[in-house]
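Listed here are the chains, written in short residue letters.
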Amino acid sequence: MGLGTPKQYQRILGRHVLYHSAAAFASHSGIDAVRAVIHADDSDLYAKATGGLDLLPPVTGGSTRQQSVLLGLESLIHQNPSKVLIHDAARPAVPVAVIDRVLQALDSSVAAIPALPVSDSLKRCADGTVLESVDRADLWRAQTPQGFRFKEILDAHRVVRGRSLTDDAEVVESAGIPVTIVQGSETNLKVTESDDMVRAGWALGGATRVGNGYDVHRFGPGDHITLCGIRIPNDQGLVGHSDADVGFHALVDAVMGALAAGDIGSHFPSSDPTFRGVESALFARRAQELVSAAGGQIQHLDVTVICERPRISAFRDDMIESTAEAFSVAREQVSIKATTTDGLGFTGRGEGIAGLAVATICLPE
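A brief structural summary. Computed from a predicted structure; not experimentally measured.

### A look at the overall build of the protein
When you go through the protein residue by residue, the secondary structure sums to 12 helices and 18 strands. Buried residues in the protein amount to 48% of all 365 residues. Sequence-distant contacts, at least 24 apart, represent 70% of the contacts inside the protein between residues at least 6 apart. Looking at the protein as shown, the accessible area adds up to about 17,900 Å², and 49% of this sits on carbon and sulfur atoms. Separation between the mean location of the 32 positive side-chain charges and that of the 44 negative ones in the protein comes to 2 Å.

### Quick notes on the sheet that holds strand 18 (residues 352–364)
The strand order 15-12-18-16-17 describes an open sheet built from 5 strands, whose pairing is mixed. With one partner strand each, in any of the chains shown, strand 15 (237–238) and strand 17 (334–339) form the two edges of the open sheet. The pairing of strand 12 (residues 206–220) with strand 18 spans 13 bridges and is antiparallel. Among the inter-strand pairings, Val 216 is bridged to a residue of strand 18, identified as Ala 354. Along the sheet face, helix 7 (residues 194–203) touches strand 12, strand 16 (297–306) and strand 18 and points at about 125 degrees away from the line of strand 16. Here helix 8 (residues 246–259) sits on the sheet in contact with strand 12, strand 16 and strand 18, set at roughly 150 degrees to strand 12.

### Quick notes on the pairing of strand 16
The buried fraction of strand 16 amounts to 8 of the 10 residues, a majority that puts the element mostly inside the structure. Two strands pair when backbone bridges link them, and strand 16 and strand 18 are joined in this way by 9 bridges, in the antiparallel orientation. Bridge pairing in strand 18 places Asp 302 opposite Val 358. Pairing of strand 16 with strand 17 involves 6 bridges; the strand directions are parallel. Within strand 17, the position partnered with Asp 302 by the bridge is Ser 335. This β-α-β element, strand 16 to helix 11 (residues 316–327) to strand 17, shows right-handed connectivity.

### Side note on the packing of aromatic side chains
What the rule picks out here adds up to 2 aromatic pairs. Over the ring of Tyr 19 we find Arg 15; its NZ or CZ atom is 4.2 Å from the centre of that ring. The ring of Phe 219 has Arg 309 sitting right over it, with the charged end atom 4.6 Å from the ring centre.

### Here we look at the environment of Ala 22
The topology assignment puts Ala 22 in helix 1 (residues 17–26). Judged by relative accessible area, Ala 22 falls into the buried class, the value being 8%. Taking C-alpha positions, Ala 22 is 37 Å from Ser 280, a pair spaced 258 residues apart along the chain. Every residue in contact with Ala 22, bar those within four places of it in the chain, is listed here: Leu 53 and Leu 55.

### A short note on the pattern of salt bridges
Close approach of charged atoms allows side chains of opposite charge to pair. Taken as a whole, this structure holds 16 salt bridges when the rule is applied. The shortest N-O distance in the salt bridge between Asp 235 and Arg 309 comes to 2.8 Å. Of this pair, Asp 235 sits in the loop between strand 14 (230–233) and strand 15 while Arg 309 is found in the loop between strand 16 and helix 11, placing the two residues 74 residues apart along the sequence. By relative accessible area, Asp 235 is classed as exposed at 57%. Note that Lys 337 and Asp 302 form a salt bridge whose closest N and O atoms lie 2.5 Å from each other. With Lys 337 in strand 17 and Asp 302 in strand 16, this pair connects stretches of sequence that are 35 residues apart. Connected through salt bridges with shared partners, the residues Arg 65, Asp 88, Arg 91, Asp 168 and Lys 190 form a single ionic network.

Calculation rules
Residues numbered from 1 in each chain as written. Predicted model: local features only at pLDDT ≥ 70, side-chain atom pairs only at ≥ 80, totals over all residues. Heavy atoms only, no water. Helix = DSSP H or I, 4+ residues; strand = E, 2+ residues; numbered from the N terminus. Buried < 20%, exposed > 50% of the residue type's maximum accessible area, 1.4 Å probe, protein only. Contact = heavy atoms within 4.5 Å. Areas by Shrake-Rupley, 256 points an atom, 1.4 Å probe, with all protein chains shown as cover. Lys, Arg positive; Asp, Glu negative; His and termini not counted. Charge placed at Lys NZ, Arg CZ, Asp CG, Glu CD. Pairing = 2+ DSSP bridges. Axes fitted to C-alpha atoms, helices over the stretch in contact; angles between N-to-C directions. Right-handed = clockwise from strand over helix to strand, strands pointing away. Phe/Tyr/Trp six-rings, centres within 6.5 Å; stacked < 30°, edge-to-face > 60°. Lys NZ or Arg CZ within 6 Å of the ring centre and 35° of its normal. Salt bridge = Lys/Arg side-chain N within 4 Å of Asp/Glu carboxyl O.

All we've got here are geometric facts, nothing functional implied.
This is the structure in structure tokens:
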């Protein structure tokens, strides 16, 4: 994900990915208990992510997914369940209907998994070249939760201990147990890359909001300017109450607009001496906090810097990194561009710099 924290502890619509995943089962009338298997170092993250949910205490997993599942199963022996569902924490938008179908299938089957038929053409490739087309007939994409009779899946996992199998269905397949297929769901996606967080937000019922922002600062004495949190050498500075960062100011206004929460001036007035000379990353972090407080997430940030000078191409990567950090998003969710006005207007005359921004956020309906 490129965000530093494991994906199950990232937030979607104000809740952690793990919270959404666990809550789907904890609130299901056919589920008696829910247990998470976690990394030994993630106890604090887990406690924060699952606050308010009625779950069994978590257990520590192993070095592989397969080892972790076995440890989770063995922790349930004293519960003596008749059935068990095994679900990827990174699938936060699992529909109730999918859980229902897996549970119902276990009334007559030892193992059942949700899956979707492959609809795209398949190609076998090597070194960027297609070697052959692959017949997609009878091919399905497996999802979770994968359901099993408890004794059979526990025994099967113990037998294959030390092997490397792709999922729990393959574990029981290796024991000669047939696996029933039930209809999966396209909304039951697995969060793998940053774009998947946006798709998961939509799947969980989020509404997309768009806001725009515009800011201008004139040149004045100085030997540098600050754009999107990056200090750029220049023969003049920019005049402003804070650090006159037109990039961050425009982005903050765009986020506030998407939230319908006023503008940057209403939250950080120039009349307040507290903000004199401060770094505008403070404003960016506050805007991000307001989005989180509303139960939302920032999906994309796009800013255009309008000026004749300085040239920012050499600083663009650092500006993207700084913006991603300030707004708590991935680099892939940030776009930074620059343009001139061909000598027209106040920017063309070299009197100042303007910033124009668009922010896209996802909020709960």
